[in-house]
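# Chain and residue survey
Take a look at the letters that make up each chain.
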Amino acid sequence: MIRNATAVWNGSGKEGNGHLTTQSTVLNKTQYSFNSRFENGIGTNPEELIAAAHAGCFTMKLSFVLGAAGFTAETLETKCEITFENGSVTKSHLILSAKIPGITPEVFEASVEEAEKNCPISLLLKTAISTTATLL
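Residues numbered from 1 in each chain as written. Predicted model: local features only at pLDDT ≥ 70, side-chain atom pairs only at ≥ 80, totals over all residues. Heavy atoms only, no water.

## Looking at the sheet that holds strand β5 (residues 88-99)
We apply this condition: For two strands to count as paired, DSSP must find a minimum of two bridges between them. A run of DSSP states H or I qualifies as a helix once it reaches four residues; a run of E qualifies as a strand once it reaches two. Both are numbered from the N-terminal end. Axes here refer to lines fitted to C-alpha atoms; in helices the fit is confined to the stretch in contact. Angles between the N-to-C directions go from 0 to 180 degrees. In this description, contact between two residues means that some pair of their heavy atoms is separated by no more than 4.5 Å.
Read from one edge of the open sheet, three strands run β4-β5-β6, paired in mixed fashion. In this open sheet, the two edge strands, each paired with only one partner strand, are β4 (75-85) and β6 (128-135). Neighbour-to-neighbour, the strand axes of this sheet turn through a mean angle of 15°, independent of strand direction. Docked against the sheet, helix α3 (residues 105-118) engages β5 and β6, running at close to 150° with respect to β6.

Set out below in structure tokens:
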């Protein structure tokens, strides 16, 4: 399987602008710029997209790990915070709230750890990854 996205940029780094389109067209000429990346401009940015990818990947991987352990989550909600410092992504922190009927804290913690370490985006990132997990 191969997935793709296309970036188009016009102009200089600070004054220019661009757009992103994904194969699925969920992003379709979605604006990005210096302002949307480093300030509070309208549009997206690479770090936000990495956060979405990591949150989605981890959450789906966790659902598979839980299924293998005999559990089905009622709800898994993950926020991902990407830290961008000195021109590098330095951290990815996952914040999970989960409602999983019948699971023990030990099985929950082990499942979260396995998903954090083994989701494809975690394996891709060359940065510090951490998780704060709350079982509701």
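## Brief notes about the sheet that holds strand β1 (residues 5-10)
Where strands meet in a sheet, backbone hydrogen bonds hold them as pairs that are either parallel or antiparallel. What the three strands build is an open sheet, ordered β1-β2-β3; its pairing is antiparallel. Strands with a single pairing partner mark the edges of an open sheet, and in this sheet they are β1 and β3 (30-33). Taking each pair of neighbouring strands and ignoring which way they run, the sheet shows an average axis angle of 25°. With four bridges connecting them, strand β2 (residues 17-22) and β3 associate as antiparallel partners. Bridge pairing in β3 links L20 to T30.

## Remarks on the nonpolar core
Let me state the cut-off plainly: Only buried Ala, Val, Leu, Ile, Met, Phe, Trp, Tyr and Cys residues count toward a nonpolar core, and they belong to the same one when joined by side-chain atoms within 4.5 Å. Remark: exposure states derive from per-residue accessible area (1.4 Å probe, protein chains only) relative to the maximum for the residue type, with buried under 20%, exposed over 50%, and partly exposed in between.
Judged by nonpolar contacts, the single largest core of 19 residues is most densely connected at F58, L62, L66, L76, L96, I100 and F108. Elements with a minimum of two residues in this core: α2 (46-68), β4, β5 and α3. Sort the elements by how many residues they give to this core and α2 lands first, with six residues. I100 has contacts with L66, F71, T72, A73, E74, L76, F108 and L135, leaving out every residue within four places of it along the chain.

## Notes on the packing of aromatic side chains
Rule in force here: Any two rings among Phe, Tyr and Trp, with Trp reduced to its six-membered ring, count as a pair given centres within 6.5 Å; such a pair is stacked if its planes are under 30 degrees apart, edge-to-face if over 60, and tilted if neither.
If you walk through the whole model with that rule in mind, you get three aromatic pairs. For the ring pair F38 and F84, a centre distance of 6.1 Å and an interplane angle of 40° mean the geometry is tilted. Of this pair, F38 sits in helix α1 (residues 34-38) while F84 sits in strand β4, and the two are 46 residues apart along the sequence. Taking the relative accessible area as the measure of exposure, F84 reaches 31% and is therefore partly exposed. Here the aromatic cluster, defined as three or more aromatic residues joined through ring pairs, consists of F34, F38 and F84.

## What about unusual backbone geometry?
For T25, which is not glycine, the phi dihedral falls at a positive 65°. Examined against the element boundaries, T25 turns out to sit in the loop between β2 and β3.

## Quick notes on the packing of α2 against α3
The condition is simple: Working rule for angles: under 35 degrees goes down as roughly parallel, over 145 as roughly antiparallel, 65 to 115 as roughly perpendicular, anything else as oblique. In a left-handed crossing the near helix is turned counterclockwise from the far helix by less than a right angle, and in a right-handed crossing that turn is clockwise. Under the convention adopted here, Pro, Cys and the residues Ala, Val, Leu, Ile, Met, Phe, Trp and Tyr are nonpolar, Asp, Glu, Lys and Arg are charged, and Gly plus all remaining residues are polar.
Where α2 contacts α3, the axes come no closer than 9 Å and their chain directions differ by 135°. By the angle between their directions, the pair α2 and α3 is classed as oblique. Considering how the two elements wind past one another, α2 and α3 form a crossing that is right-handed. Each of F58, K61, L62, V65 and L66 in α2 lies in contact with α3, whose residues at this interface are S111, V112, E114, A115, E116 and N118. Its residues assigned to classes, the contact of α2 with α3 shows six nonpolar, two polar and three charged.

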